[in-house]
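Architecture and fold: a report
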Amino acid sequence: MSGSILVVDDEKGQREILAMILKGSGYDICEASGAREALALLAKREFDLILTDLKMQGQSGLELLEQIMADDPQQCVILMTAHGSIDSAVEAMKRGAFDYLEKPLERENLLLTLQRAFERISLVRENRVLQKRVAEIQRIPSIIGEHSSMKEVFRIVAKIAPTSSTVLIYGESGTGKELVARAIHDGSPRKAQPFMAINCAAIPETLIESELFGHEKGSFTGANAREIGILEAANGGTVFLDEIGEMNVAMQAKLLRAIQEKEVRRVGGKVNLPLDVRIISATNRDLEQEIKKGAFREDLYYRLNVIRIDLPPLRERGSDIATLADFFIKKYSAASGIAIEGIAKPALKLLLNYTWPGNVRQLESVIERAVLMAEGSIIQPEDLPAEIGSLAAQGGVVPFELPPEGINFEEMEKALIIKAMERADWVIGKAAPILGLSYKTLQYRLEKHGIEKPERKGR
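Summary of the structure given here. (Residues numbered from 1 in each chain as written. Predicted model: local features only at pLDDT ≥ 70, side-chain atom pairs only at ≥ 80, totals over all residues. Heavy atoms only, no water.)

1. Notes on the packing of helix H17 (residues 409-423) against helix H18 (residues 428-435)
Spelled out, the test is: Between the N-to-C directions of two axes lies an angle of 0 to 180 degrees, each axis being a line fitted to C-alpha atoms and, for a helix, fitted only over the stretch in contact. Think of it this way: any DSSP run of H or I at least four residues long counts as a helix, any run of E at least two long counts as a strand, and we number them from the N terminus. Angular relationships are summarised with four words: roughly parallel below 35 degrees, roughly antiparallel beyond 145, roughly perpendicular across 65 to 115, and oblique for the angles in between. Handedness of each helix crossing follows the sense of rotation of the near helix against the far helix: counterclockwise by less than a right angle gives left-handed, clockwise gives right-handed. It only takes one pair of heavy atoms within 4.5 Å for two residues to be counted as in contact. As a working rule, the residues Ala, Val, Leu, Ile, Met, Phe, Trp, Tyr, Cys and Pro are called nonpolar, Asp, Glu, Lys and Arg charged, and the rest polar, with Gly in that last group.
Between H17 and H18, the shortest axis-to-axis distance is 8 Å and the interhelical angle comes to 130°. Here H18 runs oblique to H17, going by the angle between their axes. Along this stretch, H17 crosses H18, giving a crossing that reads as right-handed. Residues Leu416, Ile417, Ala420, Met421 and Arg423 of H17 touch H18, and the partners they reach there are Ile428, Ala431, Ile434 and Leu435. Looking at the contact of H17 with H18, its residues break down into eight nonpolar, no polar and one charged.

Structure (structure tokens):
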């Protein structure tokens, strides 16, 4: 036997007999002559079990039980009572005691009751450990992923969701940044309040202030009525600022003030309104590089970057591609009424070899199309879009002949980079995966070739 027991009894002889029996059975025993001494000991150390007399001078065992259960509802307490106090013992069990023993105590009955109690203590501990482990590795219901990098994301989300800290999510387009933001909101005390999202890259600079802060009637041309902004509408809840790196510096200053002062003022308004929102931001830009270029405020960055979450691109989560593909097949098979049982190995190989510049969002689109295009019950390579199988199907062979006079590799590289940047709307984070490069490598090559966005406007 092993385990610690605090014996509480105002009769010294009774304590000594119990201590002798229990120590002889292998228990670690500590004694207290009353409730006050017991509480003082409990303030210094923990005990697996508390064995207390019901009737004592000063505070009773029932009063001691109430204080113990208030501090720790999982604490195991057994009461000892005289024959005439059975009703009080039953009342104690209703208030959380594990069991009661009648005096005079019988040795075998005492040890058997303690054995059952420690079995229960062991189960409670095991349950606590399991709950903690589940909480640490719990998944985000809307995000599928078994890869170690995704499990780390799930762990961070579970840990920080209940807090009020600001969060900055890094990830390429299509990796699920908004899904993570929603999961943080849903796991927080604010979950019953609004979750509002805004894409800073999708709103013209002239309108973003009004979208965030709202405006008063007549504050600008077209403002025909008072409108509340997203920050005000989400009061008490969470605001998700997607593509925060696209916000201009002047607007960043106004956002910083709202976060610091915890108040907003509508465009054209004169009254400051109290603000209570949790800010979650997301970007595919390297904000530290943007700070060096003067395109992002350092003070705002530190306000937003209290907790950082890095979402891995799909190409770095190869083990999740098959799982995601299977999930989307089932989803769109059910939605379309087309019975698709799975994906052929050659088609799956093409998916695994592809770089997925559009990440999970692109994979979902590809599978949706494949389900609709499939001739049979299994998705074949020909059911996939041409770009999925182009270079992979050719074993990586360049799909054109080299001219006899050769090529200018520098010019060819420059042309490929410009083409990728144009396709990605000149967002480095989106163009890098198209070329199979890291953000920093592409940034270096842009500077090396002197490539800039046409008619680039300073911020």
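2. Regarding the pairing of strand S2 (residues 28-32)
Quick reminder of the rule: Two strands qualify as a pair provided DSSP detects at least 2 bridges between them. When the strands point away from the viewer and the path from the first strand over the helix to the second turns clockwise, the crossover is right-handed.
Sheet topology note: the strand S1 (residues 4-8)/S2 ladder contains five bridges and is parallel. Bridging across to S2, serine 4 finds its partner in aspartate 28. The parallel pair S1 and S2 is bridged by helix H1 (residues 12-24), and the resulting crossover is right-handed.

3. Quick look at the pattern of salt bridges
Under the convention used in this document: Definition used for salt bridges: Asp or Glu carboxyl oxygen within 4 Å of a side-chain nitrogen of Lys or Arg. Exposure is judged per residue with a 1.4 Å probe applied to protein chains only, and the accessible area is read against the type maximum: over 50% gives exposed, under 20% gives buried, and values in between give partly exposed.
As enumerated under the stated definition, the model contains 26 salt bridges in all. Glutamate 216 serves as the salt-bridge partner of arginine 266, at 2.9 Å between the closest nitrogen and oxygen. Taken as a pair, arginine 266 in the loop between strand S11 (263-264) and strand S12 (273-274) and glutamate 216 in the loop between strand S8 (214-215) and strand S9 (227-228) lie far apart in primary sequence, 50 residues in all. With respect to burial, arginine 266 and glutamate 216 carry one shared label: buried. Sharing partners across several salt bridges, the network here consists of Glu246, Arg285, Glu290 and Lys293.

4. Things to note about the packing of aromatic side chains
The test is simple: Note on ring pairs: Phe, Tyr and Trp rings are taken, using the six-membered ring of Trp, and paired if centres are within 6.5 Å. Classes follow the plane angle, with under 30 degrees stacked, over 60 edge-to-face and the rest tilted. A ring has a charge above it when a Lys NZ or an Arg CZ is no more than 6 Å from the ring centre and no more than 35 degrees off the ring normal.
Overall, the coordinates contain five aromatic pairs when judged by the stated rule. With 6.4 Å between their ring centres and 20° between their planes, phenylalanine 195 and phenylalanine 240 make a pair best called stacked. Taken together, the residues phenylalanine 195 in strand S7 (residues 195-199) and phenylalanine 240 in strand S10 (residues 238-242) connect sequence positions 45 residues apart. Per residue, the accessibility class of phenylalanine 195 equals that of phenylalanine 240, and both read buried. Ring geometry for tyrosine 301 and tyrosine 302: centres 5.3 Å apart, planes at 65°, overall edge-to-face. The residue whose ring lies beneath arginine 308 is tyrosine 170, and the NZ or CZ to ring-centre distance is 3.7 Å.

5. Digging into the sheet that holds strand S4 (residues 76-81)
Backbone hydrogen bonds are what pair the strands of a sheet, in a parallel or an antiparallel way. Here five strands make up an open sheet; going across it, the order is S2-S1-S3-S4-S5 and the pairing parallel. Lying at the two open borders of the sheet, with one neighbouring strand each, are S2 and strand S5 (99-102). When the angles between neighbouring strand axes are averaged without regard to direction, this sheet yields 20°. In the packing of helix H2 (residues 35-44) onto the sheet, the strands contacted are S1, S2 and strand S3 (49-53), and the crossing angle to S2 comes to about 135°. The sheet strands contacting helix H3 (residues 61-71) are S1, S3 and S4, and the helix crosses S4 at an angle near 175°.

6. So, unusual backbone geometry
Along the chain, lysine 103 connects to proline 104 via a cis peptide bond; the corresponding omega equals -5°. Residue glutamate 243 is not a glycine yet carries a positive backbone phi of 50°. The residue glutamate 243 is located in the loop between S10 and helix H10 (249-261) in this model. Phi is positive for tryptophan 356, close to 50°, though the residue is something other than glycine. Mapping tryptophan 356 onto the fold places it in the loop between helix H14 (345-353) and helix H15 (359-373).

7. Considering the sheet that holds strand S6 (residues 167-170)
Read across the open sheet, the five strands follow the order S7-S10-S13-S6-S14; overall the sheet is parallel. Taken across any chain shown, the strands that pair with only one partner, and hence form the sheet edges, are S7 and strand S14 (307-310). If you compare each strand with its neighbour and ignore which way they point, the axes differ by 15° on average. Inspection of the sheet shows S10 paired to strand S13 (residues 278-283) by four bridges, in the parallel sense. Bridge assignment links valine 239 to a residue of S13, and that residue is isoleucine 279. Along the sheet, helix H6 (residues 148-160) makes contact with S6, S13 and S14, crossing S14 at roughly 155°.

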